[in-house]
Amino acid sequence: MVKAFVLIVVDPAKTVEVYEKLRTVEGISEVYQVMGPYDIVAVVQVSSLTEVPTVISRHIRAIEGIESTTTCVTFPESNNA
C-alpha cells in the first residue's frame, strides 16, 4: 500500500461541505479538519504510487471550494512499522 497525506486549503465558507465530500472519495482512508496553514488533511491510501495522482487530480482537486493542495507521499518502508 502507498499512503499520502494531502494538505488542503479550502474556501472558509465551504470547509464543512468539502470535508463531507472528501469522506466519500474512494482511495481516501481518513479526513481531518485542522488548524494552521491548511484546513483539511486527507489520507490517501492506494495500492500503487501511480494511483495517487489520479485520486488527487480527478477526485480531490475537482471538489468545489478547494483552493490548493500539497501532497506528501510516504516512503513505502515507513508503512510497515
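Note that this is a predicted model, so its numbers are computed, not measured.

Trainee: For this particular structure, what's the right way to read the nonpolar core?
Mentor: Burial of nonpolar side chains together is a common tendency in soluble globular proteins. Counting residues in hydrophobic clusters, the biggest one holds 21 residues, and the most contacted among them are Ile-8, Leu-22, Ile-28, Ile-40, Val-44 and Ile-60. Of all the secondary-structure elements, those providing two or more residues to this core are β1 (2–10), α1 (15–22), β2 (28–33), β3 (40–46) and α2 (52–60). Take this core: its biggest share by element is five residues, from β1.

Trainee: Please clarify how the sheet that holds β1 should be interpreted in this entry.
Mentor: Strands pair in a sheet through their backbones, by hydrogen bonds, and they do so in one of two ways: parallel or antiparallel. What the four strands build is an open sheet, ordered β2-β3-β1-β4; its pairing is antiparallel. In the strand order of this sheet, the two ends are held by β2 and β4 (66–73), each with one partner. Averaged over all pairs of adjacent strands, the angle between their axes in this sheet comes to 20°, without regard to strand direction. Here β1 runs beside β3; their pairing, made up of seven bridges, is antiparallel. Note that in β3 the partner of Phe-5 across the bridge is Val-43. Across the sheet, α1 is in contact with β1, β2, β3 and β4; its angle to β2 comes to roughly 165°.

Trainee: What's the story with the pairing of β1 in this structure? I'm lost.
Mentor: A regular strand places its side chains on the two faces of the sheet in alternate fashion. Burial within β1 is extensive, with seven of its nine residues counted as buried. Across seven bridges, β1 lies against β4 in antiparallel orientation. Looking at β4, one finds that Leu-7 is bridged to Thr-70.

Criteria and thresholds
Residues numbered from 1 in each chain as written. Predicted model: local features only at pLDDT ≥ 70, side-chain atom pairs only at ≥ 80, totals over all residues. Heavy atoms only, no water. Core = buried A, V, L, I, M, F, W, Y, C linked by side-chain atoms within 4.5 Å. Buried < 20%, exposed > 50% of the residue type's maximum accessible area, 1.4 Å probe, protein only. Helix = DSSP H or I, 4+ residues; strand = E, 2+ residues; numbered from the N terminus. Pairing = 2+ DSSP bridges. Axes fitted to C-alpha atoms, helices over the stretch in contact; angles between N-to-C directions. Contact = heavy atoms within 4.5 Å.

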